[in-house]
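# Examination of the molecular architecture
If you want the building blocks of each chain, they are given just below.
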Amino acid sequence: MMALFRRFETAIDNGIGRRRLSYLLIALIIAFFLWFPNDTSQSNYAKTVFISGFFYAIMSSSWALLAGIAGQFSFGHMAFMGIGAYVAGLIARDGITFALLGINITPESISAIGSIIIGTIAAGAVGLVIGWLLLRLRAAYLALFTIAFSELFRIMMLTEYDYTGGSNGLSLRPLLQIADVNVARQVEYYLMFALLIVCLLGLYWVANSPIGLFLRAMREDEDAASALGVNVVRYKILVFVFTSMIVGCAGAIFYSDVGSERIIPEQLEILQMSLIIAYAVIGGMESLIGAAAGAFISRYLLEAMRQVVITLPFGMTTADGSDAFVWDTGFWRFALFGVVMVFTLRYMRNGLLYPIITWFSGRDIAMKETVAIRESDDEHAARLETDDE
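Bringing helix 3 (residues 44-69) into the picture now. Owing to its 3.6 residues per turn, the α-helix brings residues three or four apart onto one side. Between its first and last C-alpha, helix 3 extends 36 Å over 26 residues, near the 38 Å set by a 1.5 Å rise per residue. Most of helix 3 sits out of view: 23 of its 26 residues are buried.

If you want it as structure tokens, here you go:
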């Protein structure tokens, strides 16, 4: 089997090439997602699951940039998402007044897009304040503070019933005004998919720019990076604000008619944040594509496993005469998800998709060459030591 794979690998390397094959695969995946909502056999529920998968892919990939590439472990992603959504909803409902600047924005004078933009800026502004206060310290303080901040924000949204709607949630102004439910769901699908592509391109640009190089250097050794001239605090704050704005925008759009038209404090719980982290870890924390794919696949499987149909063999039947057993998994599917998480952390710490991503990108060749050079240098140094003796 391994010999057959080696022949296939050699044929790919000598023919189309792995990089071209990866581009072809990405093109096919994009074509599938563009075709999916046009399939008349697919229900609106299936499209809704895909929309939810796109949303969580944005959340996980942005967290992968912050934690996996920049090394800043934060639990505040869902809080910043909530800030974007709540601010957009409150402005669309009540407007906003800047007394010092003499600016008064009434609900009638602002569109849904305008409220989303303000919600995105608000999420970035809060991220800037938190980053300025904490990112001069080590990562442990950021993790502890963002846990406390997330819970404080959730409790505030829950208890301020008269203003935020409390447990009933806050309705956002619809981004789309389409009467036909089927057409509306299809447009919402394409909107969220387009947002995912734009966010991934932005994250990819940052990760592969000189800024990304600085972030990786800071992740490995902040003191060494600072000694080489990298302004550690500046780039920490920059990536923190950037990811805060991304998730704030995603939250404002997702809950403006695309997701459920209403943001509730339950969506801001630490459990939801732990799912974001788990999706990124399973897909690969140090890979934006891996984290996004891990989130989408995990989200889809968790929904698909709500009800499992087991066909009985050998003509066996259940008590009611059926030839299949239907199991409503409930929360048991999360237990299985936890088992996958433990397996990933124990045996594949770079993520379940890491081997596939490294093969298509050709990084395994570079790693083999690096290991070979290192082993050659070690052997050469050992021979020199032997000669000196």
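So, about the pattern of salt bridges. Under the counting rule described, the total for this entry stands at 5 salt bridges. Through salt bridges with shared partners, a single network forms among Arg219, Glu220 and Glu286.

What follows is about helix 4 (residues 77-94). Taking 1.5 Å as the rise per residue, helix 4 with 18 residues should run 26 Å; its terminal C-alpha atoms sit 26 Å apart, in good agreement. Most of helix 4 is tucked away, with 15 of its 18 residues classed as buried. Directly after helix 4, the chain includes glycine 95, whose backbone phi takes a positive value near 75 degrees.

On to the state of the cysteines, then. Inspection of the entire model under this criterion finds 0 disulfides. Cysteine 249 provides the cysteine sulfur closest to cysteine 199, a residue in no disulfide bond, and the two sulfurs are 6.4 Å apart. Overall, the relative accessible area of 10% leaves cysteine 199 in the buried class.

Formed by 91 residues in total, the largest nonpolar core has its most connected members in Phe54, Leu65, Met192 and Leu215. No other element matches helix 3, which puts 15 residues into this core. In this structure phenylalanine 54 touches Phe33, Tyr189, Met192, Phe193, Leu196 and Phe296, once residues within four positions along its chain are discounted.

Before going further, it helps to examine a nonpolar patch on the surface. Taken together, Tyr23, Ile26, Ile30 and Leu34 make up a surface patch of nonpolar side chains, about 360 Å² in accessible area. By the element assignment, isoleucine 30 lies in helix 2 (residues 18-35). For isoleucine 30, a relative accessible area of 32% gives the class partly exposed.

Time to look at the confidence of the model for the protein. Here the protein averages 80 in pLDDT, while 79% of its residues score no lower than 70. Across the protein, helix 3 holds the top mean pLDDT of 91, while helix 16 (residues 363-388) sits lowest at 52. Confidence drops under a pLDDT of 50 for residues 365-373, and excluding neighbours within four residues, the segment shows 5 contacts in the predicted structure.

Take the packing of helix 3 against helix 4 next. At a closest axis distance of 11 Å, the pairing of helix 3 and helix 4 adopts a crossing angle of 125 degrees. One way to sum up the angle between helix 3 and helix 4 is to call them oblique. In the packing of helix 3 onto helix 4, the handedness of the crossing is right-handed. Counting all contacts with helix 3, which are made through Phe55, Met59, Ser62, Trp63 and Leu66, the residues of helix 4 involved are His77, Met78 and Met81. Considering only residue class, the contact of helix 3 with helix 4 consists of 6 nonpolar, 2 polar and no charged.

The rules behind these values
Residues numbered from 1 in each chain as written. Predicted model: local features only at pLDDT ≥ 70, side-chain atom pairs only at ≥ 80, totals over all residues. Heavy atoms only, no water. Helix = DSSP H or I, 4+ residues; strand = E, 2+ residues; numbered from the N terminus. Expected span 1.5 Å × (residues − 1). Buried < 20%, exposed > 50% of the residue type's maximum accessible area, 1.4 Å probe, protein only. Salt bridge = Lys/Arg side-chain N within 4 Å of Asp/Glu carboxyl O. Disulfide = S-S within 2.5 Å. Core = buried A, V, L, I, M, F, W, Y, C linked by side-chain atoms within 4.5 Å. Contact = heavy atoms within 4.5 Å. Patch = residues over 30% accessible without salt bridge, like charges linked within 9 Å, V, L, I, M, F, W, Y side chains within 5 Å. Areas by Shrake-Rupley, 256 points an atom, 1.4 Å probe, with all protein chains shown as cover. pLDDT = per-residue confidence, 0-100. Axes fitted to C-alpha atoms, helices over the stretch in contact; angles between N-to-C directions. Parallel < 35°, antiparallel > 145°, perpendicular 65-115°, else oblique. Left-handed = near helix turned anticlockwise from the far one by under 90°. Nonpolar A, V, L, I, M, F, W, Y, C, P; charged D, E, K, R; others polar.

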